[in-house]
Amino acid sequence: QQLLLLSYLLSRGQVFDVVVNIDGFNEVALGRLNDERGWDTAMPSVMHLGPLIEAVDAGTLTPQKLEALATIQRNKEQVNRVSARLNTTPFASVFIALERYRAIVDRRYRASQAAFAALPAASGETSMVRAEPKSGAGDGAALYDRIARDWMTASELMRTMAASRGAVYVHVLQPNQYATSRTFTPEEAQVAVNAGSPFKPGAEQGYPALVRALDARRAAGSPWSEQDGTHLFDRESSKVYIDDCCHYTLRGYELLADAAASAVAAGWGEAGAATRR
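My aim in this report is to walk through the structure given alongside it, one point at a time. The structure presented is a predicted model; accordingly, all values stated were derived computationally and were not measured.

1. A look at helix H5 (residues 92-118)
Taking 1.5 Å as the rise per residue, H5 with 27 residues should run 39 Å; its terminal C-alpha atoms sit 39 Å apart, in good agreement. Regarding H5, the residues found buried are Leu98, Arg102, Ala103, Val105, Asp106, Tyr109, Arg110, Ser112, Gln113, Phe116 and Ala117.

Set out below in structure tokens:
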């Protein structure tokens, strides 16, 4: 998606000084869910694209799926209402209570998405709208190696496009709670860690493949600035995760922004050195 968006913006004449690509989690966590459904890992997430296909092709909707879609919508509206109240309350005590309640309803919302994704299609063979089926055999390590390969290929193409327009390209592998050495406090763990999360297996099993891909690229003499953020939060004492998926508190975003800025500065220096040479 990042590659497609960058190519579109460049085709419209957008000028960039720096292109910062922060990714990794969606590729392995959602890629795994796609693979389980029989979709190609490079397709948009089954959690997001699935409901759209169901809406377009009503023939594949079952009563269970209709009910699941309604549940997703109700939970999403509740998350939005609590978030709006959270952002406007002037009272610290109310903020703390709402923040904890938001974590509960957000977890409920994501669970309803996962439940929908797990429901089988009614008539996949006769549906007029279908996602690209998965390509290539293999599961386990082979699955994540394939995801990492596609991930790195897309990054290389983004770097090439950015460089062709004189822009510095920076690639940051985002931190995630299921691929870290961080020690969680009981309070943060209650919000951030969920043994039943549908994203947990993909992150746990997929991040090592992404790190290996980054290490191999650096060993080969990477032509752009990269930042492995998997251990970015390891020594931070403040709470950095706001849910059991992948989103951060303000402090988490500050740390990520600092890491990206450092990578930009390094990339700018490398670009200047290359120009001088």
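2. Brief notes about the packing of aromatic side chains
For the structure shown, the criterion picks out 6 aromatic pairs. Between Phe184 and Tyr241 the ring centres are 6.0 Å apart and the planes differ by 45 degrees, which places this aromatic pair in the tilted class. Of this pair, Phe184 sits in the loop between strand S2 (168-173) and helix H7 (186-192) while Tyr241 is found in the loop between strand S3 (225-228) and helix H9 (250-276), placing the two residues 57 residues apart along the sequence. Tyr241 carries the same exposure label as Phe184, and that label is buried. Look at Tyr248 and Tyr253: their rings are 5.1 Å apart centre to centre, the planes differ by 70 degrees, and that puts the pair in the edge-to-face class. What makes Tyr248 buried here is its relative accessible area of 5%. Take Tyr253: its relative accessible area is 41%, and that puts it in the partly exposed class. In textbook terms, an aromatic cluster arises when at least three aromatic residues are bridged by ring pairs, as seen for Phe184, Phe233, Tyr241, Tyr248 and Tyr253.

3. Some points on the packing of helix H6 (residues 141-164) against helix H8 (residues 200-219)
Between two packed helices, both the angle of their axes relative to each other and the distance between the axes serve to describe the pair. One can describe the packing of H6 onto H8 by two numbers: an axis separation of 9 Å at closest approach and a directional angle of 50 degrees. Put simply, H6 runs oblique to H8. Here H6 runs over H8; the crossing is right-handed. Touching Tyr144, Asp145, Ala148, Trp151, Met152 and Glu156 of H6 are Pro201, Gly202, Gln205, Gly206, Ala209, Leu210, Arg212, Ala213, Leu214 and Arg217, all from H8.

4. Section: the sheet that holds strand S1 (residues 18-23)
Strand order in the open sheet formed by 3 strands is S1-S2-S3, and the pairing between neighbours is parallel. Looking at which strands have only one partner, the edges of the open sheet turn out to be S1 and S3. Mean inter-strand twist for the sheet, computed between neighbouring axes without regard to direction, equals 15 degrees. As defined by bridge partners, S1 adjoins S2 across 6 bridges and the pair is classed as parallel.

5. Some details on the nonpolar core
Counting 31 residues, the largest nonpolar core has Phe25, Trp151, Leu173, Phe199 and Tyr207 as its most contacted members. Looking at this core, the elements that each hand over two or more residues are helix H2 (25-37), helix H3 (46-56), H6 and H8. For Trp151, the contacting residues outside a window of four places in its chain are Asp23, Gly24, Glu27, His171, Leu173, Leu210, Ala213 and Leu214. Counting 14 residues, the second-largest nonpolar core is a separate cluster that includes Val168, Val170, Leu256 and Ala260.

6. Looking at the side chain of Asp243
Relative to the elements of secondary structure, Asp243 occurs in the loop between S3 and H9. One polar contact links the side chain of Asp243 to the main-chain amide nitrogen of Cys246, over a distance of 3.2 Å. Only 2.7 Å separates the side chain of Asp243 from the side chain of His247, close enough to count as a polar contact.

7. Considering H8
Here H8 is 20 residues long and its end C-alpha atoms lie 29 Å apart, about the 28 Å a rise of 1.5 Å per residue gives. Burial in H8 covers these residues: Lys200, Gly202, Ala203, Gly206, Tyr207, Ala209, Leu210, Val211, Ala213 and Leu214. The elements touched by buried residues of H8 are H2, H6, S2 and S3.

8. What to know about the packing of H2 against H6
The N-to-C vectors of H2 and H6 enclose an angle of 125 degrees; their axes lie 10 Å apart at closest approach. On the basis of the axis angle, H2 is oblique to H6. Seen along the crossing, H2 lies across H6 with a hand that is right-handed. Mapping the contact onto sequence places Glu27, Val28, Gly31, Arg32 and Asp35 in H2 and Leu143, Tyr144, Arg146, Ile147 and Trp151 in H6. Tallied by class, residues from the contact of H2 with H6 come to 5 nonpolar, 1 polar and 4 charged.

About the cut-offs
- Residues numbered from 1 in each chain as written.
- Predicted model: local features only at pLDDT ≥ 70, side-chain atom pairs only at ≥ 80, totals over all residues.
- Heavy atoms only, no water.
- Helix = DSSP H or I, 4+ residues; strand = E, 2+ residues; numbered from the N terminus.
- Expected span 1.5 Å × (residues − 1).
- Buried < 20%, exposed > 50% of the residue type's maximum accessible area, 1.4 Å probe, protein only.
- Phe/Tyr/Trp six-rings, centres within 6.5 Å; stacked < 30°, edge-to-face > 60°.
- Axes fitted to C-alpha atoms, helices over the stretch in contact; angles between N-to-C directions.
- Parallel < 35°, antiparallel > 145°, perpendicular 65-115°, else oblique.
- Left-handed = near helix turned anticlockwise from the far one by under 90°.
- Contact = heavy atoms within 4.5 Å.
- Pairing = 2+ DSSP bridges.
- Core = buried A, V, L, I, M, F, W, Y, C linked by side-chain atoms within 4.5 Å.
- Polar contact = N/O pair within 3.5 Å; in protein donor to acceptor, adjacent residues only side chain to side chain.
- Nonpolar A, V, L, I, M, F, W, Y, C, P; charged D, E, K, R; others polar.

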